[in-house]
Structure formats: structure tokens, C-alpha cells
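# Tertiary structure, described
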Amino acid sequence: AQRGRTPMADPCVLEPARRPSALRRRGAPIVCLALLTAGVVAVSTCAWGLSKDNAPLASGPVSLKPVSSIRPVISGGPGRLAGDAARRGVRDVKSRAYVPGVTRLKITDPKYQKLPDCPDIMWNTDGIDTDAIPTEVDSVFPKSLEASDLGISNGASAEEELRQVGQKRTEILSSLEKHGAVLIKGLGVSKDVNGYRQVLNELGFVACKDPLAARKSLDNEVKKVVPNTAGLGLHHDRSDYAPRNNIYDEHVESPKMPWYSAFVCFKPALEGGEFRILDGQRMVREMDRDVLKRLYDKNYRSAEVYGLWLPQSIMNMFVGWAIKVLPEPIEWKWRSLVNPNYKIRSFFKAPPEGWSDISSPPQILTDIWRCEVLLEEQSPLNRHPKTGEVVWFNNIHLWEGDKAQWKDKFKDSLGARSKAVYGDGTTIAKEDLSHIVKLTEKNEVKIAMQPGDVVLVDNYRVLHGRESFKNSREQTRLHAVTFGQTFDG
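Throughout what follows, the structure given in this document is the object of discussion. (Residues numbered from 1 in each chain as written. Predicted model: local features only at pLDDT ≥ 70, side-chain atom pairs only at ≥ 80, totals over all residues. Heavy atoms only, no water.)

Below, the discussion takes up the overall build of the protein chain. Tallying secondary structure elements over the protein chain gives twelve helices and 19 strands in all. Across the 489 residues that make up the protein chain, the buried fraction comes to 51%. In the protein chain, of all internal contacts separated by at least 6 residues, the share reaching a separation of at least 24 is 85%. Surface summary for the protein chain: the accessible area is close to 22,600 Å², and the carbon and sulfur share equals 52%. (Helix = DSSP H or I, 4+ residues; strand = E, 2+ residues; numbered from the N terminus. Buried < 20%, exposed > 50% of the residue type's maximum accessible area, 1.4 Å probe, protein only. Contact = heavy atoms within 4.5 Å. Areas by Shrake-Rupley, 256 points an atom, 1.4 Å probe, with all protein chains shown as cover.)

Side-chain pairs of opposite charge can arise where the charged atoms are in close proximity. Applying the stated criterion across every chain yields a total of 16 salt bridges. Put simply, Lys293 and Asp297 hold a salt bridge, and the shortest N to O gap is 3.3 Å. Within this pair, Lys293 and its partner Asp297 are both found in helix H8 (residues 289-298), separated by four residues, close to a single helical turn. By relative accessible area, Asp297 is classed as partly exposed at 44%. Overlapping salt bridges bring together Arg276, Glu444, Lys446 and Glu467 as one network. (Salt bridge = Lys/Arg side-chain N within 4 Å of Asp/Glu carboxyl O.)

Running from amino to carboxyl end, helix H4 (residues 158-167) crosses helix H6 (residues 193-203) at an angle of 30 degrees, the nearest separation of the two axes being 8 Å. Considering their axes alone, H4 and H6 lie roughly parallel with respect to each other. Between H4 and H6 lies a crossing whose hand is right-handed. Residues Leu162, Val165 and Gly166 of H4 pack against Gly195, Gln198, Val199, Glu202 and Leu203 of H6. Residue composition of the contact of H4 with H6, grouped by class: four nonpolar, three polar and one charged. (Axes fitted to C-alpha atoms, helices over the stretch in contact; angles between N-to-C directions. Parallel < 35°, antiparallel > 145°, perpendicular 65-115°, else oblique. Left-handed = near helix turned anticlockwise from the far one by under 90°. Nonpolar A, V, L, I, M, F, W, Y, C, P; charged D, E, K, R; others polar.)

Evaluated as defined, the whole model comprises nine aromatic pairs. Taken together, a centroid distance of 6.3 Å and an interplanar angle of 45 degrees make the contact between Trp259 and Tyr260 tilted. Per residue, the accessibility class of Trp259 equals that of Tyr260, and both read buried. In this structure an aromatic cluster arises from ring pairing among Trp123, Phe205, Trp259, Tyr260, Phe393, Tyr460 and Phe487. The residue whose ring lies beneath Lys298 is Tyr422, and the NZ or CZ to ring-centre distance is 4.4 Å. Over the ring of Phe469 we find Arg477, and its NZ or CZ is 5.1 Å from the ring centre. (Phe/Tyr/Trp six-rings, centres within 6.5 Å; stacked < 30°, edge-to-face > 60°. Lys NZ or Arg CZ within 6 Å of the ring centre and 35° of its normal.)

Note that all results are geometric; they support no functional claim without further evidence.
Shown next, in the form of C-alpha cells:
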């Protein structure tokens, strides 16, 4: 809370205020612990050779082949329940009654195994002329279709709704290709799981496995979903989702991503939880040409950032190595903490501004050293496989949003746990990142989905996310997402 974050308590339980502990009231023990940690890290740095790549990254030909990763909050299967009703349930403010969690389709489930893998990402990034990108934008985003627009009258039966959806299939898919996202509102049949699946069947939706859970990785299993009501930044459902989860991957493979995703609301949250979408085509068309050209010409790398304590402790890297790498028969585990294909660099830095302020948390005193793991280069832009239009195809703005956990005076110095740098390892200008964030905030659309509402998304063009939300015993947010390859089924 001192760093500007919301306390990590159950949002549905009101706890009485507690007196600060002796450790929090007296900063000296924490400082001593920090200095001890610094000594351990310094010795470990020499022993493990973390500082071997302090020199600037070598320049040369750009490799645009992305790498794989694994997302920490994952559940498998078609129509996977998107982590909103937690496995452990939620607690009610008044009665503290326990609401059962949801059952998730495991990767070992026969139904899931029958699904095809999601396709590899199709890259077409060479020779993009950023100055030639059109500036006109689609004024309709997303395309909203009421039940009446589909010829469905009030009180229509489920069979009649499905029949009309099937008859309007061509119109719906044409709108999806033109606008990138379609919101279908007012359906009654899609208020339950079976009806929702029938709607997708009428549209010819061909489902595929979850790209964030079904790919090869060290643990090779679906992650458990933990209770979480926090917001989720705008992103693509790509298998190279977050740097912190693929720095140990032994196999560097081309990432996967579904062409399309279908999102449905079975029950909204008590408060918040709006579905967020961003038109990647509009992003590149409205972006400052100089910013766009610099980013495209230099490419970018995603980087995981460690410190003695902040923004995340270097001990996390050691623990991750011990858990994920040490038990495995990997030849490089005694030579490197992370996959040798990635660049590692470390450096000392000046303490952040305001470190001597008595109101600053003592952990700030440890912010004098950085270790960064830089993944392989990627292009921030891509061409849409069908339309050929240039689209925004990265998660830079998602990582920038991680700075919100700190107080304003520490945002620039502490930064995000994951960040983007240019392909040669140099820093992206603060003004350029600020421009990207502001343009994202300007163009994102928030949808308060109601039971039965379905959103179809073209993943090559559109990024998605969600707002934070609150639940109660009577009302628990329940949404689902289905990944798909085509609408040709």
C-alpha cells in the first residue's frame, strides 16, 4: 500500500484496520536485511556470471522470429472460464459464506485433446512503409448488432434465435472482417454454456486449443487459476505473452495465436469488469509517424527487470531457476540462470528521486542495481494475413501499465517488472512511450457485457482486456472465451 498498490486482500471481505507491525514501524531491520540481500546477490552475481553481457548489444541483421512463453494465470479448453470465479470461490461481505469455484477443463481432458492446436502466428513484416500507411480510420468499432438486427423478435424461442443467427452468418462474418470486432446483444440462447456453443456452431466457428496453455514448456501442464479481480491490460492471446514466464524455456519456438476469439457473458460482476478492446489498425493509422518509424526500424525486445528488491527481487530469478530448471535434464542449467538465447545485463544506478524522504518505504534504499533479461527481437507491426493492412502487434502498452503499482514519484525510477527496449538494447524514449499509452487510452472501447452478449474478435487486428471488478455471494462475474481457427466449420 505504501508503494501505491491496493492491498492484496480478498476484495469481498472487509477487514478491520491493523496497527503497523514493529518491522514496519522501524525501518532499521529492513535496511539491514536489504544490505544482507545485496551482499548475497553480489556474491551470486560473480558466481553465476550475470554481468557477462554488460556491453551494448551487437548490431546486425534483425531476426523477426518471436519466441514462446507461458502465462501465469491459465486454464485450458474451449470456452475456458476466464479466471473470474476463482477455484477457491469468493467470500461474501455479510455472511462470509463460501461460493464454490468453477470446474475447469484440464489439458488431459479427452474433449480438450480432440481439439486442433492453434495455428502459428503468421508474420509479414518486411518492407512496411510507415509513411504510406493510410490515416483514415473506421468510425464504427466494434460493430454492434442487436437481436432485432438479426431478425429476432421479442420472446423468440431458442430454436428461432439459432435459426436467425445461422441465416445472418454471412452478414455477421462480413462485419467482423470489416470492423475487427462484432458485439451481438440481446440473445437469450447464449445465456448458458450449451446455448452459447450452439451459437458458435451456427456461425461455423472451429475451436482450437488454448495457445497459452497447450504449448510445449518445461512443466508441460495447465497452470492453476488463482482468485483475482484485478484488471487485465490490453493484449493479444499470443503464446509469447509475458517475458517473466518464458525466460527459462528450453525450446524457442514460433508462438501460436488463434485467428479469432469469442467472448461471452453469463453473469456480470457486481461492479466493474467491463470488457476492453482496442483496434490495432486504428492505432498505427493515428500514431505519430516519427514514433512509428523509429519503433519499426529498430524493432523491440521485451525485457524482464530485476533489482535487489524492486521492481521485483532478483531472488525470484533464482527461485524460478530452482523450480523450473534444476529438476529438468537441461544441459545449460549449470552454466546459465536463464535460456542462453536471451541477453542478460546488469548495472548499478543512482537511488530514485525521493529516496531520502522519511515517508518513502525503506525498500527504496535497495533500488541501486538492475538486472535485465532481454528476449529476442520482434517487429512491433504486422500485416493482417487476409486484408494485408498494417496493424499494431505488440504488448508494449500492457507492460507500461505495470508502472501504476508505484506512487507517482517512483513510477519513472522503479518502472515496470516487464518493459520494452529497442532491438539493439537501447532505451525507448519516455516521450514515445507516453504517446503510445495516451493513444491506447484514447482509442480503447469498454463494453459492459450483459448475460447472453457475445463479442467476436479478430485477434490479428484487435487487442482485448478487462477492467477490475468486485463480486458478492449473490453475484459473481462469470465470463468465458473460446479460441478458434476459422469460421469454415
